[in-house]
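Residue-level structure breakdown
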Amino acid sequence: MPKRLSRARPGLPAAGALLASSSFRLWLLLLLLAPVPGALGVGLYTPDDPLVVLSADTLERSIFNSSSAWVVEFYASWCGHCIHFAPTWKALANDIQDWRPAVTLGVLDCAEASNQKICSDFGITGYPTLKFFKAFSTKPEDGVRLHHKGDDIRSLTESIITSIESHRDLWPPACPPLEPISAAELHDFFHTNNVTYLALIFEKEDSFLGREVTLDLLQFENIAVRRVVKSNEELVRSFNITTFPSGVLLVKNGSCSSIPVHVDSRPLYTDFLKKLPGVVRGDTFTPTVLPPVPPTTPAPWKVIDRRKLYMADVESAVLYTLRREATRYDFLEKEQLSAMKQYVAVLVKYFPGRLPIMNYLRNLDFWLRPKTNVSKSEWEEALRNKNELPNAWLPENPTWVGCQGSKRGFPCGLWTLFHLLTVQEALLSPQPHTPPEVLPTMRGYVHYFFGCRQCADHFEAMAAESMNKVRNKDGSILWLWSRHNRVNARLAGTASEDPKFPKIQWPPKDLCWSCQITINGRLMWDERAILRFFKSHFSRGNIYLDFLKVEKGLRVRQGRDVEERDYEADRKLEGGGGGQETGRGDEEALEEEKKRTERKKSGFERSGSLEAHKPSIVKMNTKTKELEENIVDLDTFSEQHFKSKALKMAGQAGFRHSRSKRDVGLVRMEDRGHQSLDYDAAWRLLQQKGLGAQQIVGIMEESEKEGGVIQRRSQWFHILGAGFSRLDVSLCIVLYFLSSMCLLGMYTFFRMRMRYRKGRPGFLQA
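Worth saying up front: this structure is predicted, and the values here are computed from it rather than measured.

**Here we look at the overall build of the protein chain**
Within the protein chain, the regular secondary structure consists of 26 helices and 21 strands. In the protein chain, which comprises 766 residues, the proportion classed as buried is 52%. Put simply, 76% of the contacts in the protein chain that link residues at least 6 apart link residues at least 24 apart. Working note: accessible area of the protein chain is about 36900 Å², and carbon and sulfur atoms make up 54% of it.

This is the structure in structure tokens:
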């Protein structure tokens, strides 16, 4: 499996003056909006390759009722083995391009959302999958898996020939005979065939040389190639053949000569025959031309901070595992269904998602528990976002942020998700010294569902080697970390490595300087420091909501679910997240949803199990002059964070003192039985009161006691308003202090010098 955590990107400039400059902000905005090639997963093949790039719209009409046999590779552009296999498939296409129109090669990217259903209809459960479709196929079931001994070109060509010969009832019209020639057929050959040359290749019964050369000369006129097997003693004696393979060239005028090739070399035979006088390429063959597949529009490159963990990545991994990977199977049953039940239960227990996502997972967990088998249609219906449950949904499409790149996406997100779950299990479990629950769940999911089958086999080998030796929750964190680094070391420098994100040993020193120590000149890992770093990096406090998309047709608005929440209290209130609140039918589910939300302490909707990081809004003194420079650009720096803080201030500061009818109108009661705020209306009101983007420079902190509960809010000022950590602020303060001390020292030095000079005799005369 490709790595998740190895990211090496040059940092942004840290100078405050540069960040505050308008030119830098303009550069940053252009960088954010500019599409970068490879930002999204793109196909591994192009129309320039001598094969057919298929899509959901062209697959069936290309291979069904075709006079050509088709060999199609179903692949996923994120799959590591598919990436490694792509050069071989391209080389095969170049090698057998003269076999058309008898055999045509095609490819289909199942990672594309538009191709997901067609791949499922064709029974694709792993990548890459090679399927052979005989001529005049009419349905997906006509495709049979192409079995081959290895991934080299020779074994692939032999497998294709074997597949063609196994369907003699539907022989491609353009394909010449591949069976051995008999003495009777040879006697009348030039009378029944209008050719000038006949090449006979004498070979052993299990040799493919004669058949390969026959197909190589398919598009050429005035020549035919037939094989003669060693067991045909009559022809072997007639031509005095003693070594195999050997070639004999017969001409229509009756002459006969040996082909001057004495080794088993297909290129030598083919080149010799193509250069014979009168042998020319025919003009009857027309390559298959399909409408070009619309190119995938690259997403704008996202400027990220690799110290952060992005909710978009782990949520995208969850939806991909459920909606893309698990839906490839016609039925989920027995061990496979058990693995999915365990996976969903672990997500409900440890995944620190937003409230709608957690409600969605609880519903799915409750629905899945009593099932003994699940059909594809039932599974797809269970995964559908339902309008009658507006507060339980899962995003429809993935959004990769920290996992963006041309060869990353889902594998990176899956690594991130499993690292997050192992850390959350260690932090939340009341019995940290008991055997872990996440690792066996992860093993089961990868074994039964992960699409890259070779990657799954590699992971299973690592798990079988040592996973049973892990005795506690901290051990599971270290086991997954060490195996991830082992995978990184194996894949570093290979074709599956994204050049923008090289596979390194993680964490690097610039993220955790204490994780690596030197002992006797050797670089070693400090496992205690590794544990501290992982529990900090994969904590809820380090999850950021940047770049999350608003789901269309849902009432949850962007920036709404970003407040802090007591996760442990919620788990107790909701029965430990067992998923029993919903799933008893739509009406009963809605009723249970209302009961649960009425138990919330706060009147505002909260965000699952997340301590969200986001800037806040403070009201500036109305007498303060407007800042000359727009320091905080809401459009550029995640508008949803600011709107969420506008909610807090509008609901607690601005509205406590006096409420006009217009202000009261912003607070509305919803059918769920608790108060929520109209974000857009509150935001517009605050802007009318003078709280524009140009006046947002910090965060207000206050402590107040309401109903005996102390509510704490973060109270410290960002130097420039957003996007800086405490370390950045601390460094700025230290530098400011040092520069002040330097100026004070210079002032003191020159002042004392002047006093000294004034006290010297003769100073006045000078």
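Following the structure, the description resumes.
**As for the pattern of salt bridges**
Enumeration according to the criterion identifies 26 salt bridges in this entry. Note that aspartate 216 and arginine 266 form a salt bridge whose closest N and O atoms lie 2.6 Å from each other. On the criterion of sequence distance, the pair formed by aspartate 216 in helix H9 (residues 209–216) and arginine 266 in helix H11 (residues 266–274) is long-range, its members being 50 residues apart. Taking the relative accessible area as the measure of exposure, aspartate 216 reaches 5% and is therefore buried. Salt-bridge contacts for lysine 349 lead to glutamate 437; the nearest nitrogen and oxygen are separated by 3.3 Å. Here lysine 349, found in helix H13 (residues 334–350), pairs with glutamate 437, found in the loop between helix H16 (410–428) and helix H17 (438–449); they are 88 residues apart in sequence, far enough to count as distant. Given a relative accessible area of 27%, glutamate 437 falls into the partly exposed group.

**Quick notes on the sheet that holds strand E6 (residues 197–203)**
One open sheet holds the four strands; their spatial order is E8-E6-E9-E10, and the pairing between them is mixed. Whereas interior strands pair on both sides, the edge strands pair on one side only; in this sheet they are strand E8 (223–229) and strand E10 (256–258). In this sheet, adjacent strand axes meet at a mean angle of 20° when their direction is disregarded. Inspection of the sheet shows E6 paired to E8 by seven bridges, in the parallel sense. Across the sheet, residue tyrosine 197 finds its bridge partner in E8, namely isoleucine 223. Strands in contact with H11 are E6, E8 and strand E9 (246–251); relative to E9, the strand with the most contacts, it is inclined by about 15°.

**Things to note about the packing of aromatic side chains**
For the coordinates displayed, the defined rule picks out 29 aromatic pairs. Relative to tyrosine 75, the ring of tyrosine 45 lies with its centre 5.3 Å away and its plane at 80°, an arrangement referred to as edge-to-face. Taken together, the residues tyrosine 45 in the loop between helix H2 (22–33) and strand E1 (52–53) and tyrosine 75 in strand E2 (residues 69–75) connect sequence positions 30 residues apart. In terms of burial, tyrosine 45 and tyrosine 75 fall into one category: buried. Pairing phenylalanine 64 with phenylalanine 122 gives two aromatic rings, centres 6.1 Å apart and planes at 20°, and the pair type is stacked. Pair noted here: phenylalanine 64 is in the loop between helix H3 (59–63) and E2 and phenylalanine 122 is in the loop between helix H5 (116–121) and strand E4 (129–133), with a separation of 58 residues, a long-range link. Judged on exposure class, the residue phenylalanine 64 and its partner phenylalanine 122 are both buried. One aromatic cluster is present, built from ring pairs that chain together Trp78, Tyr127, Tyr320, Phe410 and Phe450. One Lys or Arg, lysine 308, reaches over the ring of tyrosine 544 and ends 4.6 Å from the middle of that ring.

**A few points about the confidence of the model for the protein chain**
Residues with a pLDDT of 70 or more make up 69% of the protein chain, whose mean pLDDT is 76. Counting contacts from residues 1–41, a segment whose pLDDT is below 50, to residues more than four positions away or on other chains yields 115 contacts. Predicted confidence for residues 599–683 stays below pLDDT 50, and this span has 212 contacts to residues more than four positions away or in other chains.

**Some thoughts on the pairing of E2**
E2 sits mainly inside the fold: seven of its seven residues count as buried. Burial along E2 is two-sided: Ala69, Val71, Glu73 and Tyr75 and Trp70, Val72 and Phe74, pointing in opposite directions, are all buried. One ladder, built from seven bridges, connects E2 with strand E3 (residues 103–109); its direction is parallel. Bridge pairing links valine 71 to leucine 105 in E3. Handedness of the crossover joining E2 and E3 through helix H4 (residues 80–95): right-handed. For E2 and E4, the ladder comprises five bridges, and the chain directions are antiparallel.

**Details of the side chain of histidine 484**
The residue histidine 484 is located in helix H19 (residues 473–491) in this model. With a relative accessible area of 1%, histidine 484 lands in the buried category. A distance of 2.8 Å separates a polar atom in the side chain of histidine 484 from a polar atom in the side chain of histidine 419.

**Notes on the packing of helix H12 (residues 311–325) against H13**
At a minimum axis separation of 12 Å, H12 and H13 run at an interaxial angle of 155°. With respect to H13, the axis of H12 lies roughly antiparallel. Where H12 crosses over H13, the handedness of that crossing is left-handed. Every residue of H13 that contacts H12 at Val318, Thr321 and Leu322 is listed here: Met340, Tyr343, Val344 and Leu347. In terms of residue class, the contact of H12 with H13 is built from six nonpolar, one polar and no charged.

**Some words on H13**
Look at H13: 24 Å from first C-alpha to last across 17 residues, which is about the 24 Å you get at 1.5 Å a residue. All of the buried residues in H13 are Gln336, Leu337, Ala339, Met340, Tyr343, Val344, Val346, Leu347, Val348 and Tyr350.

**Observations regarding the state of the cysteines**
For the structure shown, the criterion picks out four disulfides. In this model cysteine 110 forms its disulfide with cysteine 119; the gap between the sulfur atoms is 2.0 Å. Across the disulfide from cysteine 110 to cysteine 119, rotation about the S-S bond amounts to roughly -90°, and the bridge is consequently left-handed. Taken as a pair, cysteine 110 and cysteine 119 share a single burial class, namely buried. With its sulfur 2.0 Å from that of its partner, cysteine 403 forms a disulfide with cysteine 412. In this structure the cystine formed by cysteine 403 and cysteine 412 twists about its S-S bond by roughly -70°; its chirality is therefore left-handed.

Cut-offs applied
- Residues numbered from 1 in each chain as written.
- Predicted model: local features only at pLDDT ≥ 70, side-chain atom pairs only at ≥ 80, totals over all residues.
- Heavy atoms only, no water.
- Helix = DSSP H or I, 4+ residues; strand = E, 2+ residues; numbered from the N terminus.
- Buried < 20%, exposed > 50% of the residue type's maximum accessible area, 1.4 Å probe, protein only.
- Contact = heavy atoms within 4.5 Å.
- Areas by Shrake-Rupley, 256 points an atom, 1.4 Å probe, with all protein chains shown as cover.
- Salt bridge = Lys/Arg side-chain N within 4 Å of Asp/Glu carboxyl O.
- Pairing = 2+ DSSP bridges.
- Axes fitted to C-alpha atoms, helices over the stretch in contact; angles between N-to-C directions.
- Phe/Tyr/Trp six-rings, centres within 6.5 Å; stacked < 30°, edge-to-face > 60°.
- Lys NZ or Arg CZ within 6 Å of the ring centre and 35° of its normal.
- pLDDT = per-residue confidence, 0-100.
- Right-handed = clockwise from strand over helix to strand, strands pointing away.
- Polar contact = N/O pair within 3.5 Å; in protein donor to acceptor, adjacent residues only side chain to side chain.
- Parallel < 35°, antiparallel > 145°, perpendicular 65-115°, else oblique.
- Left-handed = near helix turned anticlockwise from the far one by under 90°.
- Nonpolar A, V, L, I, M, F, W, Y, C, P; charged D, E, K, R; others polar.
- Expected span 1.5 Å × (residues − 1).
- Disulfide = S-S within 2.5 Å.

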